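Commentary on secondary and tertiary structure
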Amino acid sequence: MNLTILGCYAATPRTLTNPTSQVLEIKNHMFLIDCGEGTQVQLRKHKIKFSRINHIFISHLHGDHFFGLPGLISTFRLLGRDKEMHIYGPKGIKEAITLLLKLGDSWTNYLLVFHELSSKKSELIFEDDKVTVETIPLNHRVYTNGFLFKEKLGERKLNVDAVAKYKVDKAYFHNIKKGKNIILDDGRKIENKLLTFDPPAAKSYAFCSDTAYKPDIVPQIKNVDTLYHESTFLESEQHLTDRTKHATAKEAATIAKNANVKKLILGHYSTRYKSIQLFKEEAISVFENVELADDGKLFNL
Ligand SMILES: [Zn+2]
Ligand SMILES: [Zn+2]
């Protein structure tokens, strides 16, 4: 699983920083998460093929999280896309995008499928044989969801030496990889654990932005491998979190600690601070394994 941060700063774009957008590469999918202004340019810069993106997840309808979407949709058309594009986002996103297209007397030559979200409870919004995606309801000034991406546990790995030793015919391999014990033609019963190794651990990634401190997300993200949590402010600006519905680095770290995640990535920094290192310093006093997102940074998860 790879995560490329295209943008991770709050509010206005600046010469060297971009609003929120990231690409999660998971089991052959390229999931685009949020699409702030400048996302297309960032995709180009980081050589991510537009044609590999088939699913876009939008957390909420603040401009710094979706103003890049109309441009991207229109570029897909100019590039001659014909594959379906699935967009998951708050109710209203379809109206916003279709109005822009309509006023420009334009439409896409590929199918644009909107999956509009309005539930205040977590929902399973995507599933195939390898991956699931659930919403994580957040607490922000407008309706907002984070997203929990989970790999499914793969097939068991065949122990090549063991199958040779027991002279197991290839015809049984399919069931063995599925975890079944087998009975050979000669009547011998062989336990699955003698023929296989455990599959690689299934990984998980939780994206939580934007949100005020919301401890009730902890059970849903318990033990995830990586948590991206917004930290717009430092504790010195705690008084602003209530009104703006954003979190501090310390609060993000508290969520990470209570959820027992393996790694915390901070982002969505207010640009009022001199250095983003300050966010890490604050978070690390609560939770040890903290990394800072930054535009263009690649995380191998
Ligand atoms: Zn934001
Ligand atoms: Zn917001």
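The paragraphs below set out a description of the structure included in this document. (Residues numbered from 1 in each chain as written. Chains lettered and ligands numbered in written order. Predicted model: local features only at pLDDT ≥ 70, side-chain atom pairs only at ≥ 80, totals over all residues. Heavy atoms only, no water.)

As enumerated under the stated definition, the model contains 15 aromatic pairs in all. Relative to Phe-57, the ring of Phe-31 has its centre 5.1 Å away and its plane inclined at 80°; by these criteria the two rings are edge-to-face. One end of the pair, Phe-31, is in strand 3 (residues 29-35); the other, Phe-57, is in strand 4 (residues 53-57), with 26 residues separating them in the sequence. Residue classification places Phe-31 among the buried positions, given a relative accessible area of 0%. Residue classification places Phe-57 among the buried residues on the basis of a relative accessible area of 0%. Judged by centre distance (5.3 Å) and plane angle (10°), the ring pair of Phe-207 and Tyr-228 falls under stacked. Taken together, the residues span a long stretch of sequence, with Phe-207 in strand 14 (residues 204-208) and Tyr-228 in strand 15 (residues 226-230) at a distance of 21 residues. (Phe/Tyr/Trp six-rings, centres within 6.5 Å; stacked < 30°, edge-to-face > 60°. Helix = DSSP H or I, 4+ residues; strand = E, 2+ residues; numbered from the N terminus. Buried < 20%, exposed > 50% of the residue type's maximum accessible area, 1.4 Å probe, protein only.)

A separate point is the sheet that holds strand 18 (residues 298-300). The sheet built from seven strands is open, its strands ordered 6-5-4-3-2-1-18 with mixed pairing. If you trace the sheet from one side to the other, it starts and ends with strand 6 (112-117) and strand 18, each paired once. Direction aside, the axes of adjacent strands within the sheet are offset by 20° on average. One ladder, built from four bridges, connects strand 3 with strand 4; its direction is parallel. Bridge pairing in strand 4 links Met-30 to Ile-53. Contacts between helix 3 (residues 69-78) and the sheet are confined to strand 3, strand 4, strand 5 (85-90) and strand 6, with strand 4 contributing the most and set at about 165° to the helix. (Pairing = 2+ DSSP bridges. Axes fitted to C-alpha atoms, helices over the stretch in contact; angles between N-to-C directions. Contact = heavy atoms within 4.5 Å.)

Let us look at the pattern of salt bridges. For the coordinates displayed, the defined rule picks out ten salt bridges. Glu-25 is the partner of Arg-52 in a salt bridge, and the nearest nitrogen-oxygen pair spans 3.6 Å. Of the two residues, Arg-52 sits in the loop between helix 1 (39-45) and strand 4 while Glu-25 sits in strand 2 (residues 21-26), which places them 27 residues apart along the sequence. For Arg-52, a relative accessible area of 31% gives the class partly exposed. (Salt bridge = Lys/Arg side-chain N within 4 Å of Asp/Glu carboxyl O.)

Attention now moves to the layout of surface pockets. The space that makes up the largest pocket amounts to roughly 260 Å³. Lining the largest pocket are 17 residues, with Ala-10, Ala-11, Thr-232, His-246 and His-268 positioned closest to its centre. Its residues assigned to classes, the lining of the largest pocket comprises four nonpolar, eight polar and five charged. (1 Å grid on protein atoms, 1.4 Å probe; cavity = no way out; pocket = protein on both sides within 12 Å on 5 of 7 lines; lining within 4 Å. Points joined across faces, edges and corners; volume = space filled by probe spheres on them. Nonpolar A, V, L, I, M, F, W, Y, C, P; charged D, E, K, R; others polar.)

For the rest of this paragraph, the subject is the coordination of the zinc ion (ligand 2). Bound to the zinc ion (ligand 2) are the protein donor atoms His-60 (NE2), His-62 (ND1), His-140 (NE2) and Asp-210 (OD), situated 2.1 to 2.4 Å from the metal. Around the zinc ion (ligand 2) sit four donor atoms; with metal-centred angles ranging over 90 to 171°, the donor geometry is irregular. Mapping the donors of the zinc ion (ligand 2) onto the primary sequence yields the spacing H-x1-H-x77-H-x69-D. In this structure, the zinc ion (ligand 2) lies 3.5 Å away from the zinc ion (ligand 1), the two metals sharing Asp-210 as a donor. In this pair, His-62 is assigned in the loop between strand 4 and helix 2 (63-66) and Asp-210 in the loop between strand 14 and helix 7 (218-221), connecting sequence segments 148 residues apart. Residue classification places His-62 among the buried positions, given a relative accessible area of 17%. (Donors = N, O, S within 2.8 Å, 3.2 Å for Na, K, Ca; no water. Tetrahedral: all angles 85-135°; square planar, octahedral: opposite > 155°, others 65-115°.)

In short, the description is geometric, and any link to function would need to be established separately.
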